[in-house]
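# Descriptive analysis of the structure
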Amino acid sequence: MKKLFLFAFLFTFFGCGSEDEKEITFIIHSSETITQATTWSGNHKIQGTLTVNGQLNIDACTLIHMDSDSVIHVSDGGSVVAVGRENCPIEITSAKEIPAAGDWSGIEIYPTASSNNEFTWVNLKYAGSDYGAFWLESNVTIKFSNLTLENIKDNGIVFGDDTKLPVFSNVKFKNVGSYLIEGYADGFKQLTPIVSENNSKNYVYVKNGALTETATWKNLSVPYLLESLDVEAPLTIKEGTILNMKNDSVINVSNSGAIITQGTELAPVVFNSEKSTPEAGDWSGFEIYATSSNQNSFQHTYIKNVGNYYGALWLEDGSEISISNTVFENVKENAITMAGVIKVKSFENNSFKNVEKYPIVTHANNVKDLRPIIHENLGKERVLINGGHVDTTGTWLNLSLPYELETIDIMESTLTVEEGVELLMAPETTVRVFDNGALILNGTTENRVIVKSSKSAPAGGDWSCFEIYATASNESSFRNADIMHGGYSGYGHLWIEDGATIELENVIFGESKDSCDVSGDGNIDETNTTYDICE
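Residues numbered from 1 in each chain as written. Predicted model: local features only at pLDDT ≥ 70, side-chain atom pairs only at ≥ 80, totals over all residues. Heavy atoms only, no water.

## Points about the packing of aromatic side chains
- If you walk through the whole model with that rule in mind, you get 25 aromatic pairs.
- An angle of 85° between the planes, with centres 6.3 Å apart, marks the rings of Phe 144 and Phe 168 as edge-to-face. With a gap of 24 residues between them, Phe 144 in strand 14 (residues 141-152) and Phe 168 in strand 16 (residues 164-169) connect regions that are remote in the sequence.
- For Phe 168, a relative accessible area of 6% translates into the label buried.
- Consider the rings of Phe 286 and Phe 298, whose centres lie 5.1 Å apart with planes at 75°: the pair is edge-to-face. Here the residue Phe 286 occupies a position in strand 30 (residues 285-288), and Phe 298 occupies one in strand 31 (residues 297-306), the gap between them amounting to twelve residues.
- Look at Phe 286 and you get buried, because its relative accessible area is 1%.
- Using a relative accessible area of 0% as the deciding quantity, one classes Phe 298 as buried. (Phe/Tyr/Trp six-rings, centres within 6.5 Å; stacked < 30°, edge-to-face > 60°. Helix = DSSP H or I, 4+ residues; strand = E, 2+ residues; numbered from the N terminus. Buried < 20%, exposed > 50% of the residue type's maximum accessible area, 1.4 Å probe, protein only.)

Set out below in structure tokens:
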């Protein structure tokens, strides 16, 4: 046993304010290996690597000085059980007289260690290497409670796949040089709010990989920083959580996974760019696949500085989602792209601001589930319906901006277009109604339905026509509608097959290609409507 002399200040007891020098005696551990149960108390100094292959118990009030580049290595059935008290914590710190972050390496725990590791009421100071003050390899089990990491050179805690944190509470990070916590997605469900003070990178960093276990990510009081993430189990994100996304990152949801955000009006969930000066398109967005579960839901969520060719939120044919009180802001391309028939379980009070192109691009069968949106500064002031078939009865509501419509088929259902809706018909667009389908343009005298060309300089013949086939039901009707710029195919604005029926009430036709409006041998029941027959 050696003696090490250094200066230390006496604590003040019972009002005594005097300071004296005190000799502290340390037990020296030089490249030592612990192979059996051992208990430390008092003062210890570690030189080189302390290898722990048995259980090391560290009592409250113990002081451990770490020499330059020293490390505590736990493996082969070993464990460290360091349990201090609030009024007498364990301190693991630099041995230098003038300490600095990174004086010693840290604590490394390997999967061969036992599952009994615990650090409670411990102050760990001046550590740090590329692996973190705590480096936990895959399949390590450890408890952290009332732990303080202070003056750390690099990361605070780094953990691998399947790291288990059965207790994680009241962990404090102060003057940490890099990320507070770094690890893989499955480990973050175990974390609870942390205390953070004066840290260089004030994030918990979720590395690229997959989330494979059902998880809830809490608001940790600092943001998450995410690389690309594959969500393959339900992931719930609690109110107030901020997630900053690395450049070009994407969140893929598939294989029974789900993304479920549970923001509130006062504490929304926020997805944003990691950049200090963010821009639209900094990160890619969400891709939700048909193999994901039916739980996908965005509630009181901000999705910002995002977007690629597929949209900030891309939904594959067959996927399901609820979206309410969600804001898409500073989006590079389209905000929402529904690439097929989607089950939209709810869609309420959503906002779109500074979107480069369309706020929504959707298959025709989804439109009935949309509700009015709030919008500001859109590149395309309309919702794009990029074709498809309508086979479910429903109503296209006035969303507060027009629809741009490509060719659609209506069958086995009735499609009603609400009063005040404006349909901007893309070039050569045709609306076909057959197989017991029906189309109702349901305008009023105060709020007519408008059907016209989508072009900025419209002209007759820009789009084709409405086609009503004999196999359609007899329920089709156009009421209080203005229809113009059709006739591309030479059939006027409306073609009615022999045996088909339509009602026209207070319809105004105009500006067709060949100065004619209606063709075909079907039956027309008109009221207060005039039209020219195409020959």
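## Remarks on unusual backbone geometry
- One non-glycine residue, Asp 162, adopts positive backbone phi at about 60°.
- Positionally, Asp 162 belongs in the loop between strand 15 (157-159) and strand 16.
- The class of Asp 162 is partly exposed, set by a relative accessible area of 37%.
- Not every positive phi belongs to a glycine, and Asn 480 is a case in point at roughly 50°.
- Mapping Asn 480 onto the fold places it in strand 50 (residues 477-484).
- Looking at Asn 480, the relative accessible area reads 7%, which means it is buried.

## Side note on the sheet that holds strand 49 (residues 465-468)
- Pairing is parallel across the open sheet formed by six strands, whose spatial order is 40-43-46-49-51-53. Of all the strands in the sheet, the pair left with one neighbour each is strand 40 (388-390) and strand 53 (518-519).
- Note: strand 49 against strand 51 (residues 494-496), three bridges, orientation parallel. Within strand 51, the residue paired with Ile 468 across the bridge is Ile 496. (Pairing = 2+ DSSP bridges.)

## Considering the pattern of salt bridges
- This structure, assessed with the given rule, holds 18 salt bridges.
- Lys 174 is paired through a salt bridge with Glu 150; the nearest N and O atoms lie 4.0 Å apart. Of this pair, Lys 174 sits in strand 17 (residues 172-176) while Glu 150 sits in strand 14, and the two are 24 residues apart along the sequence.
- With its nearest N and O atoms 3.0 Å apart, the salt bridge here joins Glu 333 to Lys 357. Taken together, the residues span a long stretch of sequence, with Glu 333 in the loop between strand 33 (320-331) and strand 34 (336-339) and Lys 357 in the loop between strand 36 (351-355) and strand 37 (360-362) at a distance of 24 residues.
- Three or more residues joined by partner-sharing salt bridges are found here, namely Glu 150, Lys 172, Lys 174 and Glu 197. (Salt bridge = Lys/Arg side-chain N within 4 Å of Asp/Glu carboxyl O.)

## Remarks on the state of the cysteines
- Enumeration over the complete set of coordinates arrives at two disulfides.
- Across the disulfide, Cys 61 is cross-linked to Cys 88 (sulfur-sulfur distance 1.4 Å). Residues Cys 61 and Cys 88 are joined by a disulfide whose S-S torsion is about 130°; by sign, that bridge is right-handed. Of this pair, Cys 61 sits in the loop between strand 6 (55-58) and strand 7 (63-66) while Cys 88 sits in the loop between strand 9 (79-83) and strand 10 (90-94), placing them 27 residues apart in sequence.
- For Cys 88, a relative accessible area of 16% puts it in the buried group.
- There is a disulfide in this structure between Cys 516 and Cys 534, and the S-S distance comes to 1.9 Å. Measuring handedness by torsion sign, the sulfur bridge of Cys 516 and Cys 534 sits at about 95° and is right-handed. Residue Cys 516 is found in the loop between strand 52 (501-510) and strand 53, and its partner Cys 534 is found in the segment after strand 54 (523-527); the two are separated by 18 residues along the sequence. One exposure class covers both Cys 516 and Cys 534, and it is buried.
- What links to what in the protein chain: the bonded cysteines, counted in sequence order, pair as 1-2, 3-4. (Disulfide = S-S within 2.5 Å.)

## Topic: the nonpolar core
- Core analysis: the largest hydrophobic core is formed by 132 residues, its most contacted members being Phe 119, Phe 144, Trp 217 and Trp 396.
- The biggest single contributor to this core is strand 14, with five residues.
- Setting aside residues up to four positions removed in sequence, Phe 119 forms contacts with Val 80, Ala 82, Ile 92, Ile 107, Ile 109, Phe 134, Ile 142, Lys 143, Phe 144, Ser 145 and Leu 147. (Core = buried A, V, L, I, M, F, W, Y, C linked by side-chain atoms within 4.5 Å. Contact = heavy atoms within 4.5 Å.)

## A look at the confidence of the model for the protein chain
- Here the protein chain shows a mean pLDDT of 94. Residues at 70 or above account for 96%.
- Within the model, the stretch residues 1-21 combines pLDDT values under 50 with 25 contacts to residues more than four positions away or in other chains. (pLDDT = per-residue confidence, 0-100.)

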